[in-house]
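A closer look at the structure
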Amino acid sequence: MNNYKLEIRWGFIFSVAMLVWLLLERLVGLHGDYIAQHVVWTNLFAIVAIAIYVLAMRDKREKELNGAMTWKQGFLCGIGITIVVAILSPLTQWLAHTFVSPDFFANMVEYAVSSGNMTETQALNYFSLQSYMIQAVIAAVVMGVITSAVVALFVRTKK
């Protein structure tokens, strides 16, 4: 377990950053008055996510690998973080939609139906806690693997 302490810590940092991001979205109105722009602005979290992976891999390189890191070591560090984030994703979604933004799903359903993008049944199925928990786990794994592979290319040291 000690071998994975850093990855666990950074996985928790990522999850807290996600909750803070969702709070900021709510505070600026992206979960209410400006919900139509939510789909665009929420993607900016990718910058935060990449920055966290970079900081985590640099931390691993400097503190545990004596300043030298191969692509494989960086990638495995990222995969460790990804596993933690994926495991925490359902809890993160529950916290976000229970405490941070409890009206998000109702607002999204209303917007999706009123804009003609979905029927009410489709919107109720898509914008639900269960659906978002599943989506969050899948997205965490897919984006985590891709981010780990790319960031490891930049954080590795030359042999």
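Refer to the preceding data block for the structure.
Residues numbered from 1 in each chain as written. Predicted model: local features only at pLDDT ≥ 70, side-chain atom pairs only at ≥ 80, totals over all residues. Heavy atoms only, no water.

Focus on the overall build of the protein chain
Broken down by element type, the protein chain carries seven helices and zero strands. Along the protein chain, from the amino end to the carboxyl end, the secondary structure elements read α-α-α-α-α-α-α. A principal-axis box enclosing the C-alpha atoms of the protein chain has dimensions of 55 × 25 × 25 Å. Within the span of the protein chain, comprising 159 residues, buried residues form 40% of the whole. (Helix = DSSP H or I, 4+ residues; strand = E, 2+ residues; numbered from the N terminus. Buried < 20%, exposed > 50% of the residue type's maximum accessible area, 1.4 Å probe, protein only.)

Focus: the packing of aromatic side chains
Given two aromatic rings, their pairing is described by the distance between the two centres and the angle made by the two planes. Evaluated as defined, the whole model comprises 11 aromatic pairs. Here Phe-104 and Tyr-132 contribute two aromatic rings whose centre-to-centre distance is 5.8 Å and whose plane-to-plane angle is 65°, an arrangement assigned as edge-to-face. Of this pair, Phe-104 sits in helix H5 (residues 104-114) while Tyr-132 sits in helix H7 (residues 129-155), and the two are 28 residues apart along the sequence. In this structure Phe-104 comes out as buried when scored by relative accessible area, which is 2%. (Phe/Tyr/Trp six-rings, centres within 6.5 Å; stacked < 30°, edge-to-face > 60°.)

Details of the nonpolar core
Trp-10, Phe-14, Phe-45, Tyr-53, Met-57 and Ile-81 are the most contacted members of the largest nonpolar core, which has 23 residues in total. Beyond its immediate stretch of four places on either side in the chain, Trp-10 contacts Ile-52, Leu-55, Ala-56, Asp-59 and Ile-81. Core analysis: the next-biggest nonpolar cluster, separate from the first, contains nine residues, Phe-104, Met-108, Val-109 and Phe-127 among them. (Core = buried A, V, L, I, M, F, W, Y, C linked by side-chain atoms within 4.5 Å. Contact = heavy atoms within 4.5 Å.)

Looking at helix H4 (residues 71-100)
When the terminal C-alpha atoms of H4 are compared, their 37 Å separation across 30 residues is substantially less than the 44 Å that a helix rising 1.5 Å per residue should span. In H4, a bend of some 45° at Ser-89 exceeds every other bend along the element, and Pro-90, a proline, comes one to four places later. (Expected span 1.5 Å × (residues − 1). Bend = angle between axes of the 7 residues up to and from the residue.)

Describing a nonpolar patch on the surface
Together, Trp-71, Ile-134, Ile-138, Val-142, Met-143, Ile-146, Val-150, Leu-153 and Phe-154 make up a nonpolar patch on the protein surface, roughly 880 Å² of accessible area in all. Residue position: Met-143 is located in helix H7. (Patch = residues over 30% accessible without salt bridge, like charges linked within 9 Å, V, L, I, M, F, W, Y side chains within 5 Å. Areas by Shrake-Rupley, 256 points an atom, 1.4 Å probe, with all protein chains shown as cover. Salt bridge = Lys/Arg side-chain N within 4 Å of Asp/Glu carboxyl O.)

A few points about the side chain of Glu-25
Mapped onto the elements of the fold, Glu-25 is located in helix H1 (residues 5-27). For the buried Glu-25, no salt bridge exists, and the shortest N-O distance to an oppositely charged side chain is 10 Å, to Arg-26. (Lys, Arg positive; Asp, Glu negative; His and termini not counted.)

Some points on the packing of H1 against helix H3 (residues 45-64)
Direction vectors running N to C along H1 and H3 enclose 160°, while the axes themselves pass 10 Å from each other. On the basis of their axis angle, the class for H1 and H3 is roughly antiparallel. Of the two elements, H1 crosses H3, and the hand of that crossing is right-handed. For the pair H1 and H3, the contacting residues are Leu-6, Glu-7, Arg-9, Trp-10, Ile-13, Phe-14, Ala-17, Met-18 and Trp-21 in the first and Phe-45, Val-48, Ala-49, Ile-52, Tyr-53, Leu-55, Ala-56, Asp-59, Lys-60, Lys-63 and Glu-64 in the second. (Axes fitted to C-alpha atoms, helices over the stretch in contact; angles between N-to-C directions. Parallel < 35°, antiparallel > 145°, perpendicular 65-115°, else oblique. Left-handed = near helix turned anticlockwise from the far one by under 90°.)

Take it as geometry only, folks, not as evidence of what the structure does.
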